[in-house]
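# Topology and contacts: notes
Below, each chain spelled out in residue letters.
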Amino acid sequence: MVNASKAGQKRKFEDKGKQVASKSKKPHLESNGAAKSTEKKRSRPVTAVLDAASSHSDSEGEDEELEGDEDEWSDVEMDVVEDEAAPTTDQVKNPNAAKESHKAQKALHEQRKAAKPHSDLLVEAKRAWSLARAKNIPAAERQKHVKNLMSVIRGKVKDIVFKHDASRIVQTIVKYGGQKERDEVALELKGKFRELAQNKYSKFLVTKLIRFCPTHRQSMLLEFQPQVLRLLLHREATSVLADTFELYANAYERSILLREFYGKEATLFTLTAGSNEEKEKAKKGLAGILEGVDVERKRRVLSSLKENLTTIFNNPDKGAITHAIVHRALWEYLNALSGLPEEAEQEKLRREMFKICQDVLAEMVHTKDGSRVVREFLAYGTAKDRKQILKVLKPHIERMCLDDEAQNVLFTALDVTDDTKLLSKSLVSEIVSAAPKLYTTVQGRRSLLYLVIPRSRRHFTPAQIAYLSETDSIRSKTSKKDDASRESEVRKSASEGLVEWVKENGDVLVRDPGASLVVAELMLYTEGCDKSDAISTLLEAIAKTYPSASEAEPHPVDLAHTSRLYKTLLQGGHFNRKIESIDKADVENWDTAKFAVRFVDTVGKDVVTAFCTKGERNGTFVVAELCEALVRGGGDDGEVKDARQMLKKWFDGSVKKDIESGEARGKSVLLEKLSAL
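Residues numbered from 1 in each chain as written. Predicted model: local features only at pLDDT ≥ 70, side-chain atom pairs only at ≥ 80, totals over all residues. Heavy atoms only, no water.

With that settled, the discussion passes to the environment of Val519. Among the structural elements, Val519 can be located in helix 33 (residues 513-525). Separated by 21 residues in sequence, Val519 and Leu498 place their C-alpha atoms 9.1 Å apart. In this structure, Val519 is in contact with Val502, Leu509, Leu538 and Leu565, ignoring residues within four places of it in sequence. (Helix = DSSP H or I, 4+ residues; strand = E, 2+ residues; numbered from the N terminus. Contact = heavy atoms within 4.5 Å.)

Shown next as structure tokens:
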């Protein structure tokens, strides 16, 4: 009987606990996901573990801290925890023993709570907080509860904010309150922000105040400034500085955080606030501080900066290496070396810094300044240096291909490395093998296309091309191989693998808008490989009966991007609007006449004529280009002549009349091309 009683009580408490969890936690998890999707997030290091539960930015964790464990103070949950203790034999014999024990424990719990500082204030605040944080209430009602909550804790924020539960209460005011309440909280906490940033719970409040109180942001950062380096190496505070620098601070506010990197001399003789002219100078960072100073002072400032950066790099376990603020300081250091009078001294200091951080370069490539740093090391480096950099980056190449900033490092490596055999093994092969994962995003497609047509205006913006060309002047001094030869060797090393990928997956790729762009460039510009099997795959993909019997899966030619792909391949290049003609690919890489012959042989009469006479007739322009390719490639080639004559027979008088009577776009162009056969 005793065991049965224990089991029954245990099931009762487990069911009760499940009910509490289902009522309180599940809805908050769902709502948090919706809220966080609109917030800015720090860029994610390519070395970070891909885990949905991990967070590279504590801006993502603020709401988890605010909303999680929200039933911590509920009487229901406390009852469940207390009741879960198994009853003793005496308690079973005495039916009132368990009830009396529970009352005694509850009384003791209340005594302990009452003995804590500000206990009455916290009880009242939590009561108001439970209303202010409620889900699915009108905004006006929430504002009313937030103001009521603020009236409860007004004047006492500094006293209670370091408690984990009270910190959440204040966060709710900052999150849901108006600007007046936010500014009021910020004023009460003035002078405590550095201490708050180092606290496990209140650090989230500091980040929220920095985000939502721009008028107080400068004064908050000035509290951090004397201890920025120490805070960067602090387990809790490092994320606050990282979020502030990358997400919320403006140029002048960033300069405040960077100033301690420059050393005591720069800090003492630099104004942190003043006229607009002084602020504009401060926005330039290290370059502004070094403006007009003598060489010796430049050396002292650079020496201090180097020493502070070394401190960061010597503590890789602290996580500061991945932060944009550190990358900015390092980029400013490398940039400032050009201001020294002797090139030998510049090279010596650059090499020393490279040796300090060479093993952690993969931790930097995800930010703009970090990417610049690694690109600078690649451009100035020796063959041995470049080999070391590629060795460090190799495990992360796939992730780098998908990152806007990190992929620029890979592109620069392709631009400056003379050892193309090393490139083929370390870099090109990794990108090619990742093609099935890369083609689905813009960043991934750029990474694939840079192997074949680097810096093409069709796929890279003028700004991107200008950014990548920043290292060209350095490359001319440090690389010996001709640029065109290097590009050709890289293209050849990538061609076979990429064409094989098209051969195996062409029927799927032609249906994808992004992938069809990649396929067109690969077929036109890859070198030194047999493309016949890939061509067969592409032609078999459209050799199906037209129109498609299934509306859910239209024929490839009815997809605009797919018909454009085949039209481009038959043209032998892309149309250039400036010169009003086709930019032809090298005939050694792509022969349009041979492709047209294969097109006629593989697709066949029924499908080719149906493109222009049945369904939506979306293949009209494709067939027009087919005619043009056969006419253009005529000459003495017997296969081309036979295909041309065959196509002419297919489009006899009755078929032409059908085309003329239809309303297909491009029918006049098609009829003109047919008459030229």
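We are not done yet, so read on.
Aromatic rings considered in pairs are described by the distance between their centres and by the relative angle of their planes. A full pass over the atoms with the stated rule returns eight aromatic pairs. When the centroid spacing of 5.5 Å and the interplanar angle of 80 degrees are considered together, the rings of Tyr450 and Phe460 count as edge-to-face. Highlighted residues: Tyr450 in helix 29 (residues 442-450) and Phe460 in the loop between helix 29 and helix 30 (462-468), separated in sequence by 10 residues. By relative accessible area, Phe460 is classed as buried at 2%. (Phe/Tyr/Trp six-rings, centres within 6.5 Å; stacked < 30°, edge-to-face > 60°. Buried < 20%, exposed > 50% of the residue type's maximum accessible area, 1.4 Å probe, protein only.)

As a further point, take helix 7 (residues 139-153). Helix length check: helix 7 (15 residues) gives 21 Å between terminal C-alpha atoms against 21 Å at 1.5 Å per residue, within 8%. What helix 7 keeps buried is the set Arg142, His145, Val146, Leu149, Met150, Val152 and Ile153. End-on view of helix 7: buried residues confined to an arc of 155 degrees, all on one side of the axis. Exposed residues on helix 7 whose side chains face more than 90 degrees from its buried face are Ala140 and Lys144. (Expected span 1.5 Å × (residues − 1). Arc of directions from axis to C-beta.)

It is at 8 Å that the axes of helix 16 (residues 251-258) and helix 18 (residues 276-283) come closest, and there the two elements cross at 65 degrees. Judged by the angle between their axes, helix 16 and helix 18 are roughly perpendicular. Classified by chirality, the crossing of helix 18 by helix 16 is left-handed. Counted together, Ala251, Tyr252 and Ser255 of helix 16 and Lys279, Ala282 and Lys283 of helix 18 form the full contact between these two elements. A per-class count over the contact of helix 16 with helix 18 returns three nonpolar, one polar and two charged. (Axes fitted to C-alpha atoms, helices over the stretch in contact; angles between N-to-C directions. Parallel < 35°, antiparallel > 145°, perpendicular 65-115°, else oblique. Left-handed = near helix turned anticlockwise from the far one by under 90°. Nonpolar A, V, L, I, M, F, W, Y, C, P; charged D, E, K, R; others polar.)

If you trace the backbone, Arg217 turns up in helix 13 (residues 214-224). Among the polar contacts listed, one links the side chain of Arg217 to the side chain of Glu253, at a separation of 3.3 Å. Residue contacts for Arg217: discarding those within four places in its chain leaves Ile210, Arg211, Tyr248, Ala249 and Glu253. (Polar contact = N/O pair within 3.5 Å; in protein donor to acceptor, adjacent residues only side chain to side chain.)

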